[in-house]
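Structural overview
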Amino acid sequence: MRPKYLFGDFELNPASRELLRKGVPIALRPRSLECLIYLIEHRDRAVGRDELIAAVWGRTDASDTVVAQTLLRARKALDDTGNQQVMIRTLPRFGYLWVAPVEEVSIPAGQAIVGAVARVAHALPFASTKYIEGDVVDASDGSSETPDLVPESDAVAHLAPVMHVEHAPADALASGQRRRRLRMGVCLLTALIAAVGAGFYFHSRHQPDIPMRGDDAVLVMPVTVSPMDSENAWVRLGAMDYMAARLRGSGVNVLPSELALRLGTAVAGDAPAVARNRLSALSHAHWIAVPELQRDGDRWLMRLRLFDHGREIQVQGRGDTALAAAAQASDVWLQQLGGQGEAPPPSPLAERLQRLDADIMMGRLQEARRLLRTVSPTDRNNPRMVLREAKLEFRATNIDEAAGLFQKALDEAPAVDMETRVGALQGLAGAERARGNLDAAELRYTQSLTLLQTLSRDHVNSRSTGLAYEGLGIIHAERGDIDAGVRDMGQARVWIQRSGDAVLLGAIGHNIGKAEVLRGDYPQALNEFERSIAIFERFRVDDYLANSLSEKAGVLLALARPTEAAATIHRAQAHLSRLEDDRVVVEVLMMAGRIQIAQGRLRDAADSLVRIRSHGVDDSDPPFLELLLRLALAQGELAQAGALARSGPASKDSSDGLMLAAVQAAARAGDLRSAKAWLASDRSVAEQDARFHAVALELAHALIARAEGDGIAALAHAQRAATQVGVSPDAQIQTGVVEALNLLDARQYDGASAVLGRLEKSAETDYRVAWAMLALYRALGDQRAAAAALGRVNGLRGDRPVAVEPAI
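Residues numbered from 1 in each chain as written. Predicted model: local features only at pLDDT ≥ 70, side-chain atom pairs only at ≥ 80, totals over all residues. Heavy atoms only, no water.

Observations concerning the overall build of the protein chain
For clarity, the threshold we go by: For the purposes of this entry, the term helix denotes a DSSP run of H or I that reaches at least four residues, the term strand denotes a run of E that reaches at least two, and both are numbered from the N terminus. Exposure categories follow from relative accessible area, calculated using a 1.4 Å probe and restricted to protein chains: below 20% of the type maximum is buried, above 50% is exposed, and the middle band is partly exposed. Residue contacts are defined here by distance: any two heavy atoms, one from each residue, within 4.5 Å place the two residues in contact. Here the open area of atoms and residues is found with the Shrake-Rupley method and a 1.4 Å probe, where only the protein chains shown may cover a residue.
Looking only at helices and strands, the protein chain features 33 helices and 14 strands. Of all 808 residues assigned to the protein chain, the portion counted as buried reaches 60%. Taking as baseline every contact in the protein chain between residues at least 6 positions apart, the subset at least 24 positions apart corresponds to 67%. Per element, the accessible surface of the protein chain, about 30,000 Å² overall, is 49% carbon and sulfur.

So, in structure tokens, the structure goes:
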């Protein structure tokens, strides 16, 4: 049973997951609470940063910023934010140490609350004191020889940064911002592809890929390890992966390891029975395997608990090493299932390889280097070991050194060792992508696919194949060939579907949605995002979910459906308190601010901007500067808008949306020099966005000419903008409103009526159209129509002053 901890005025109960101060509960995010629990439970020593990440995040991709923010929240809850650090002390270049005196208080077993799965490193929600069927089978060690099984290590950690991308403005014609969306959309899966490139996803001829079937699938959860210390930290994921591989190698349908980790998060906090039922429902697995490893003297004991729709059995295995015990328990269960179950424990080389995989997966790079130094020269030069060293260097961002090692592994691997050769080729592809050599990266991905396609259908690894196609899709997207990128991503989806990894399918669907936006197919993009949202919601992947909701809101805004966009971003905002990465929080707030400005909710928008600033975003940040400009224009604060525009073009990454906002602000403030400087700014544009960029340039020229009083030139530019095809409904509204206003300036009322007639269906939902129609009726002297139009304007204006011409 787990005790509770008393220190100062505080009480921390790990079982009930409560932090109290003088008996009053303190609200604290789950990761911050888990950091406190881990540091207190290991207060007898310093805890390294990598160890803390592995224990709390259950993955390896938490950045220094995320870890620091998580600890800062914990310190704030304890009023330990000053320089004294009386509770949590930071150890530079190492980690953290709990320094406050702590009193342990035992909790009666009946009062302990079991089942919090927020950190996979320790308790899983399967604890039960009542067995429906409690058979325990013990096993003795095996000794016969067999080829080593090297697990298909799944780098689940590298999926987290997949969704950390910038949100683009709803203005679909902003080509510069579209280019950012392309670049960031590429980054969406860059880390995932890097994981493949570094060899984290392995193919083994001993592990045929078996299509997932709901009636026989097995879900192997991470291992609960006792004692859990820095020496044994690798066992949690390493033994899980090894067991999955061993079972898979015997023909058992085992679901991907990273799916198990995601599911552990999805059922966090559920009661044990509820958690088991949800795991079965989410994974469609027939068996839920919950392994527990404990050191038994100088040996290891594994208790493998297996849940089968309300029935539980247990098997045990012992061995000199953790993996040997895991092998024994797995084989005993295989025998019960009618399989052979006679494979021996792993060889020392296989165990070292597995440990390296786990250490690298958890980010324990120093531990991995220490292990490599203990390896014999013969084993160190083994191509499989070289591959691990290559991915270690890749993970440490030593790209050139990693590339050389990947090449060495490829050159020296036997022709029959497809696992190493595919891993090396995909590693080289990742290295070339990191160097910016897209042609070389494409060649390596293609070569890896060629190798995989030489395998029989029963032995091809769907995960490696799918991720190779995804890598090719990203390369095509980087080159601007969105159609080819979507085709490859579609292929990736087909292959990943076979692996049963629903969360990865959602991530691929998200990427396809972003690509569809780039090529202007907004309905299809909406469909892709909705499918991804359903997956992420089901698995409670909050960061991914918030990201996809924000992207969907942006598409709805581009489709001129602001009410639906507002409802969607509201769903994303409901998850902000559970997001660990401030970048995702900022992205959601940015989109919320854009929607609020579009709806005239200017006070809400101002609040969103304050919140964005609180996350360290500077006013010169291009997307944030665009929001500041648009808010000032909507408020009619022309002097403020002009001052913001005078800051000048921020960088080549400045979007056309920002350029248009700045040109409007400067022109309305009478600062034509600044307006022209923005128009002439050097903004890189992807070829596939040339039509949108052309629209933006024509609109900017029209705005400047109108401010100069050159009505003929202004109207000509506006009409050229309106003739462009393939733009979003929101962009059509923008071009139409600018054309109509210039026609009204020229007193060409019939022309203005014709233009606004095409936009009339948007007059009930879009303030810009409603305002332009009011201006038309007033110019025509039609008081009845003007009164009706004024009613629509007042219903849509929100906090906007009617006397101020709306920004496009």
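Things to note about the sheet that holds strand β7 (residues 95–98)
Definition in use: Paired strands, as defined in this entry, are two strands with at least two bridges between them according to DSSP. Axis lines are fitted to C-alpha atoms, over the contacting stretch for helices. Their N-to-C directions set the angle, which ranges from 0 to 180 degrees.
Strand order in the open sheet made by the 3 strands is β5-β7-β6, with antiparallel pairing throughout. Looking at strand neighbours, the two that pair on one side only are β5 (47–48) and β6 (88–91), the edges of this open sheet. For β6 and β7, the ladder comprises 4 bridges, and the chain directions are antiparallel. Bridge pairing links Thr 90 to Tyr 96 in β7. Running over the sheet, helix α1 (residues 30–41) touches β5, β6 and β7 and is turned about 65 degrees from β7.

A few points about the packing of aromatic side chains
Condition: When two rings of Phe, Tyr or Trp (its six-membered ring) have centres within 6.5 Å they constitute a pair, described as stacked for plane angles under 30 degrees, edge-to-face for angles over 60, and tilted for the intermediate range. By definition, being over a ring means that NZ of Lys or CZ of Arg is both within 6 Å of the ring centre and within 35 degrees of the ring normal.
Inspection of every chain in the model, using the stated rule, returns 5 aromatic pairs. Members of the aromatic cluster, joined through ring pairs, are Phe 7, Phe 10 and Trp 98. In this structure, Arg 800 packs its charged tip against the face of Tyr 767, placed 4.0 Å from the ring centre.

Section: the sheet that holds strand β4 (residues 24–25)
The 5 strands lie next to each other as β4-β3-β2-β1-β8, forming an open sheet whose pairing is antiparallel. The strands lining the two open edges of the sheet, one partner per strand, are β4 and β8 (103–105). The pairing of strand β2 (residues 10–13) with strand β3 (residues 18–21) spans 4 bridges and is classified as antiparallel. Along β3, the bridge assignment pairs Leu 12 with Leu 19. Contacts between α1 and the sheet are confined to β1 (4–7), β2 and β3, with β2 contributing the most and set at about 95 degrees to the helix.

As for unusual backbone geometry
Residues Ser 226 and Pro 227 are joined by a peptide bond in cis, for which omega reads 0 degrees. Structurally, Pro 227 can be placed in the loop between β11 (224–226) and α5 (235–249). Located in the positive-phi region is Lys 22, a residue other than glycine, with phi close to 55 degrees. Tracing the chain through its elements places Lys 22 in the loop between β3 and β4. With a relative accessible area of 67%, Lys 22 lands in the exposed category. Here the phi dihedral of Asp 79 falls at roughly 55 degrees; this positive angle occurs in a residue that is not glycine. Mapping Asp 79 onto the fold places it in the loop between α3 (64–77) and β6.

Regarding α3
This is how the line gets drawn: Every helix has an expected span of 1.5 Å times one less than the residues it contains.
Relative to the 20 Å expected for 14 residues at 1.5 Å per residue, α3 spans 20 Å between its end C-alpha atoms, a close match to the ideal helical length. Among the residues of α3, Val 66, Val 67, Gln 69, Thr 70, Leu 71, Arg 73, Ala 74, Arg 75 and Ala 77 are the ones counted as buried.

Remarks on the confidence of the model for the protein chain
Selection rule: For every residue, the predictor assigns a confidence score, pLDDT, that lies between 0 and 100.
Here the protein chain shows a mean pLDDT of 81. Residues at 70 or above account for 82%. Within the protein chain, the lowest mean pLDDT, 34, falls on strand β9 (residues 136–137), and the highest, 97, falls on helix α32 (residues 767–780).

Side note on the nonpolar core
The criterion, for reference: Joining through side-chain atoms within 4.5 Å is the link that ties buried Ala, Val, Leu, Ile, Met, Phe, Trp, Tyr and Cys residues into a set, and such a set is a nonpolar core.
Core analysis: the largest hydrophobic core is formed by 97 residues, its most contacted members being Leu 219, Phe 539 and Leu 629. Among the elements that line this core, the one with the most residues is helix α22 (residues 582–598), at 10 residues. Residue contacts for Leu 629: discarding those within four places in its chain leaves Ala 641, Leu 644, Ala 645, Leu 658, Ala 661, Ala 662 and Ala 665. Listed in part, the 40 residues of the second largest apolar core include Leu 247, Ala 289, Leu 293 and Trp 300.

Some details on the packing of α32 against helix α33 (residues 783–796)
The relative placement of two packed helices is expressed as an angle between their axes plus a distance between the axes. Short version of the rule: In this scheme, roughly parallel covers angles under 35 degrees and roughly antiparallel covers those over 145, while 65 to 115 is roughly perpendicular and the rest are oblique. We call a crossing left-handed when the near helix sits turned anticlockwise from the far one by less than a right angle, and right-handed when that turn is clockwise. Polarity classes work like this: nonpolar for Ala, Val, Leu, Ile, Met, Phe, Trp, Tyr, Cys and Pro, charged for Asp, Glu, Lys and Arg, and polar for all others, with Gly in that last group.
Packing of α32 against α33 leaves a shortest axis separation of 9 Å and a crossing angle of 155 degrees. Relative to α33, the element α32 is oriented roughly antiparallel. Where α32 crosses over α33, the handedness of that crossing is left-handed. For the pair α32 and α33, the contacting residues are Tyr 767, Ala 770, Trp 771, Met 773, Leu 774, Tyr 777 and Arg 778 in the first and Ala 785, Ala 786, Ala 789, Leu 790, Arg 792, Val 793 and Leu 796 in the second. In the contact of α32 with α33, the residues fall into 12 nonpolar, no polar and 2 charged.

A look at the pairing of β3
Hairpin connection, β2 to β3: the antiparallel pair is bridged by 4 residues, and Arg 17 has positive phi, about 60 degrees. Summarising the sheet, β3 and β4 pair through 2 bridges and their orientation is antiparallel. By the bridge assignment, Leu 20 is partnered in β4 with Pro 25.

Notes on the pattern of salt bridges
Stated precisely, the cut-off is as follows: Any carboxyl oxygen of Asp or Glu that lies within 4 Å of a side-chain nitrogen of Lys or Arg is treated as forming a salt bridge with it.
Taken as a whole, this structure holds 47 salt bridges when the rule is applied. For Arg 369, the salt bridge goes to Glu 393, with nearest N and O atoms at 2.7 Å. Of this pair, Arg 369 sits in helix α10 (residues 365–373) while Glu 393 sits in helix α12 (residues 383–395), and the two are 24 residues apart along the sequence. By relative accessible area, which is 28% here, Arg 369 ends up partly exposed. Using a relative accessible area of 4% as the deciding quantity, one classes Glu 393 as buried. For Lys 514, the salt bridge is made with Glu 551, and the minimal N-O distance between the two is 2.9 Å. On the criterion of sequence distance, the pair formed by Lys 514 in helix α18 (residues 502–518) and Glu 551 in helix α20 (residues 542–558) is long-range, its members being 37 residues apart. As far as the burial class goes, Lys 514 and Glu 551 line up, both buried. A cluster of three or more residues bridged by salt bridges with shared partners is formed by Glu 292, Arg 303, Arg 305 and Glu 312.

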